[in-house]
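The residues making up each chain are set out below.
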Amino acid sequence: MREEHSARAIGTIGTIGKACGERSEAARLLRLAAAGAAGLAEPDPDLARERAVIAAARVADAAGEGPVPQPEADHRDHLAGLERAALHRPPSWADVSALPSPGARCSCCSRHRAEAGGRWWRERISPRGWRCWTCHPPDHLPAEDVIEHATT
């Protein structure tokens, strides 16, 4: 909804500016900045609903009516699932400094085979990022041009 109002405000101001024969780029940018500020100043009903839900949860928690704790076994199962999900990495990523962490698995190929997805590689010279050995093998490079990193 906010985007609709902002677009409408910018469109209206743009029409006025053209009709008045704007003199400079600076005047146009000031106009657009004012329109953007006007759009951001409008209330956001989605944010208001989210704040109301958070406030209600805090009141219930303070009154001792918060959520019922899970049984210990269910809680541990839930945590184990979160830990597995946290160790999933995409089949490739560009940040060379983001070395795959111990236990990291490829989110693509390790879904199908438990033993897959724990072997990563990058170029030795001019590295472009880390890739899963199973999904994107370095077949096009000689072995001495590849740095391998195993996480399992």
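Refer to the preceding data block for the structure.
Residues numbered from 1 in each chain as written. Predicted model: local features only at pLDDT ≥ 70, side-chain atom pairs only at ≥ 80, totals over all residues. Heavy atoms only, no water.

Visitor: In this structure, what is going on with the sheet that holds strand β4 (residues 119–123)? I would like to understand it.
Guide: An order of β2-β5-β4-β6 is seen for the four strands of this open sheet, with the pairing classed as antiparallel. Both edges of this open sheet fall to β2 (92–93) and β6 (146–150), since each of them pairs with a single strand only. In the sheet, β2 pairs with strand β5 (residues 130–132) via two bridges, with the strands oriented antiparallel. Residue pairing for β5: S92 is matched across the bridge by R131. (Pairing = 2+ DSSP bridges. Helix = DSSP H or I, 4+ residues; strand = E, 2+ residues; numbered from the N terminus.)

Visitor: Explain unusual backbone geometry here, please?
Guide: Backbone geometry follows two general trends: most residues other than glycine have a negative phi, and most peptide bonds adopt the trans configuration. For S126, which is not a glycine, the phi torsion comes out positive at approximately 50°. Judged by its relative accessible area of 59%, S126 is exposed. (Buried < 20%, exposed > 50% of the residue type's maximum accessible area, 1.4 Å probe, protein only.)

Visitor: Help me out: how do you make sense of the packing of aromatic side chains in this one?
Guide: Given two aromatic rings, their pairing is described by the distance between the two centres and the angle made by the two planes. One pass over the full model with this rule turns up one aromatic pair. Between the NZ or CZ atom of R89 and the centre of the ring of W93, over which it lies, the distance is 3.9 Å. Over the aromatic face of W121 sits the side chain of R131, whose NZ or CZ is 4.2 Å from the ring centroid. (Phe/Tyr/Trp six-rings, centres within 6.5 Å; stacked < 30°, edge-to-face > 60°. Lys NZ or Arg CZ within 6 Å of the ring centre and 35° of its normal.)

Visitor: Looking at this structure, how should I read the nonpolar core?
Guide: Across soluble globular proteins, you tend to see nonpolar side chains buried next to one another. Core analysis: the biggest nonpolar cluster contains seven residues, these being W93, A104, C106, C109, W120, W130 and C132. In contact with C132, not counting residues within four places along its chain, are P91, C106, C109, G117, R119, W120, W121 and P137. (Core = buried A, V, L, I, M, F, W, Y, C linked by side-chain atoms within 4.5 Å. Contact = heavy atoms within 4.5 Å.)

Visitor: Looking at this structure, I do not really get the pairing of β4. What am I missing?
Guide: Successive side chains on a regular strand alternate, one facing one side of the sheet and the next facing the other. A large share of β4 lies buried, amounting to four of its five residues. Bridging between β4 and β6 involves five bridges; their strand directions are antiparallel. Counted as the bridge partner of W120 is H149 from β6. Looking at chain direction, β4 and β5 are connected through two bridges and run antiparallel.

Visitor: Mind showing me how you'd approach the pattern of salt bridges here?
Guide: Between side chains of opposite charge, pairing is possible as soon as their charged atoms come close. Taken as a whole and judged by the stated rule, the model has six salt bridges. A salt bridge links R128 to E123, with the nearest nitrogen and oxygen atoms 3.9 Å apart. Residue class for E123 comes out buried when judged on its relative accessible area of 8%. Where salt bridges share partners, they join E123, R128 and R131 into one cluster. (Salt bridge = Lys/Arg side-chain N within 4 Å of Asp/Glu carboxyl O.)

Visitor: Before we go on, may I ask you to explain helix α3 (residues 45–62) in this structure?
Guide: Because an α-helix packs 3.6 residues into every turn, residues spaced three or four apart end up facing the same way. Between its terminal C-alpha atoms α3 stretches 26 Å, which fits the 26 Å expected from 18 residues at 1.5 Å a residue. The opening residue of α3, the one whose side-chain oxygen lies 3.1 Å from the backbone nitrogen of D46, is D44. Immediately beyond the C-terminal end of α3, within one or two residues, lies G64, with a positive phi of roughly 80°. (Expected span 1.5 Å × (residues − 1). Polar contact = N/O pair within 3.5 Å; in protein donor to acceptor, adjacent residues only side chain to side chain.)

Visitor: How should I be thinking about the state of the cysteines in this particular structure?
Guide: Applying the stated criterion to the full structure yields zero disulfides. Among the cysteines around C106, which has no disulfide bond, C135 carries the closest sulfur, lying 3.7 Å off. C132 forms no disulfide, and the closest cysteine sulfur to it belongs to C109, at a distance of 3.6 Å. Taking relative accessible area as the criterion, C132 reaches 0% and is therefore assigned buried. (Disulfide = S-S within 2.5 Å.)

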